[in-house]
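Analysis of the macromolecular model
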Amino acid sequence: MAIRPLAGPQELDLFLRLAYSLDHELADDLATGRRLPEWMWVALDGDRLLGRIAWWTHAAGAGPQALDFFDLAPELSGEERADVGLRLLETATAAVVPAGTRRPEYGRFLPADWREVPETRAHLESLFAVLERSGARPLVERLRLEWRPGTPVPEPKGRLEFRPVRDREDLVSLMVPVLDGTLDAHGRADLASGLSAREVAERHYDGEFAPYSSPRAWWRVALLPETGEPVGFVVPARNNYHHTIAYIGVLPAHRGHGYIDDVLAEGTRILAAADVSRIRAATDLGNVPMAAAFARTGYDTFERAITYVWDAPGTPGS
């Protein structure tokens, strides 16, 4: 078995011999520098593709941010999948991820019913078993949601007023208290790592929101009409691939009054008015209140996603 990176974009067809839902993004990712051929690895038996793995980053020139492709040939036996998968994962990781640094998290999109279909479940659990042998653990499973044109958008109730976000500090200062009692697994993990709420908010803003090319005029702060007191905020945006509700939150002092519906509806109205083809969003499976708010606003669950993390720089699995 040979394990190696792609020689260049001209070998993309080789990588595409296995299938995953993000395949259609690969060519553009390579053209824009969000992927590099040296981050895309294959395991080969002659010209037979046994497995593939690849990392992604948000912008050209940045280091690998996420491991988001990891596939093994479906005809492999369970023993072969375990062996090929671990050798591919560890060999590629050693070459792509700088020594002594924490591995980027692994994320995979899943069919909404993946646990109910025995063949799909067995296939995915064999991949997860390889990750766990390498020292990874599951962090969170998420619902992937979508709003489509033609879905009614709730009219404003008049309970809140909205203004644009003024600047970085305006939004970060609201993100900090929202982290108090958050049900978001990534936020909780960041806080548990020892970062302050301020550090978590700043890192989230600079790493995700700052690079968006969509208008910042879309971002909204929700206020009580009587006092002008902030209640929450919503960040409608476009990432590299979709229009999205990137972040939404209600401040702790105002939770329990159903304001999340008003804030989400405002973000949805802004993107719907821009005549987008769809709006994507996601929330943790365990964040039941947020999932319910998306459902009330007309978002359907079309997929799930799972994240695995390595807690510290690791050694090859055994």
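Refer to the preceding data block for the structure.
Calculation criteria
- Residues numbered from 1 in each chain as written.
- Predicted model: local features only at pLDDT ≥ 70, side-chain atom pairs only at ≥ 80, totals over all residues.
- Heavy atoms only, no water.
- Axes fitted to C-alpha atoms, helices over the stretch in contact; angles between N-to-C directions.
- Helix = DSSP H or I, 4+ residues; strand = E, 2+ residues; numbered from the N terminus.
- Parallel < 35°, antiparallel > 145°, perpendicular 65-115°, else oblique.
- Left-handed = near helix turned anticlockwise from the far one by under 90°.
- Contact = heavy atoms within 4.5 Å.
- Nonpolar A, V, L, I, M, F, W, Y, C, P; charged D, E, K, R; others polar.
- Buried < 20%, exposed > 50% of the residue type's maximum accessible area, 1.4 Å probe, protein only.
- Salt bridge = Lys/Arg side-chain N within 4 Å of Asp/Glu carboxyl O.
- Arc of directions from axis to C-beta.
- Pairing = 2+ DSSP bridges.

Regarding the packing of helix α3 (residues 78-96) against helix α4 (residues 118-133)
For the pair α3 and α4, the least separation of the axes is 9 Å and the interaxial angle reads 50°. The orientation of α3 relative to α4 falls into the category oblique. Where α3 crosses over α4, the two elements pack in a sense that is right-handed. Across the interface between the two elements, Arg-81, Ala-82, Gly-85, Leu-86 and Leu-89 from α3 touch His-123, Ser-126, Leu-127, Val-130, Leu-131 and Arg-133 from α4. For the contact of α3 with α4, a count of residues per class yields six nonpolar, three polar and two charged.

Focus on unusual backbone geometry
Within the chain, Asp-275 stands out as a residue other than glycine whose phi angle is a positive 60°. Its place among the elements puts Asp-275 in the loop between α8 (259-273) and β11 (279-284). Relative accessible area serves as the criterion here: at 68%, Asp-275 is assigned to the exposed category.

Side note on the pattern of salt bridges
Evaluation of the coordinates by the stated rule reveals 32 salt bridges. Arg-137 is the partner of Asp-311 in a salt bridge, and the nearest nitrogen-oxygen pair spans 2.8 Å. Highlighted residues: Asp-311 in the segment after β12 (300-309) and Arg-137 in strand β6 (residues 137-147), separated in sequence by 174 residues. Relative accessible area serves as the criterion here: at 45%, Asp-311 is assigned to the partly exposed category. Glu-266 is the salt-bridge partner of Arg-269, the closest N and O atoms lying 2.9 Å from each other. Placement of both Arg-269 and Glu-266 in helix α8 is noted, with a separation of three residues, approximately one turn of the helix. Across the pair, Glu-266 and Arg-269 agree in class, each one buried. Beyond isolated ion pairs, a larger network of salt bridges with shared partners links Asp-28, Asp-29, Arg-34, Arg-35 and Asp-68.

Quick look at the side chain of Arg-220
For Arg-220, the location among the structural elements is in strand β8 (residues 220-223). You can call Arg-220 buried: its relative accessible area is 18%. Residue contacts for Arg-220: discarding those within four places in its chain leaves Phe-162, Arg-163, Pro-164, Val-165, Gly-232, Phe-233, Val-234, Glu-266 and Ile-270.

Describing helix α9 (residues 288-296)
Turning to α9, its buried residues number three or more, namely Met-290, Ala-291, Ala-293 and Phe-294. Seen along its axis, α9 keeps its buried residues to an arc of 160°; they face one direction. Along α9, exposed side chains directed more than 90 degrees from the buried face belong to Val-288, Pro-289, Ala-295 and Arg-296. Directly after α9, the chain includes Gly-298, whose backbone phi takes a positive value near 100°.

Points about the packing of helix α5 (residues 168-178) against helix α7 (residues 197-209)
Any two packed helices are characterised by how steeply their axes cross, that is the angle between the axes, and by the distance between the axes. Between α5 and α7, the least distance of the axes is 9 Å, while the angle of their chain directions is 130°. As summarised for this structure, α5 and α7 are arranged oblique, according to the angle between their axes. For the element pair α5 and α7, the recorded crossing hand is right-handed. For the pair formed by α5 and α7, the contact residues are Arg-168, Glu-169, Leu-171, Val-172, Met-175 and Val-176 on the first element and Ala-197, Arg-198, Ala-201, Glu-202, His-204, Tyr-205, Asp-206 and Phe-209 on the second. Residues that form the contact of α5 with α7 fall into these classes: eight nonpolar, one polar and five charged.

With respect to the pairing of strand β9 (residues 230-238)
Regular strands place side chains that alternate from one sheet face to the opposite one. Among the nine residues in β9, seven count as buried, and that is most of the element. Here four bridges tie β8 to β9, and the two strands are oriented antiparallel to one another. Opposite Leu-223, over in β9, you have Pro-230 as the bridge partner. Joining the antiparallel neighbours β8 and β9 is a turn of six residues, in which Gly-228 adopts a positive phi near 75°. Where β9 lies against strand β10 (residues 243-250), seven bridges are found, and the strand directions are antiparallel.

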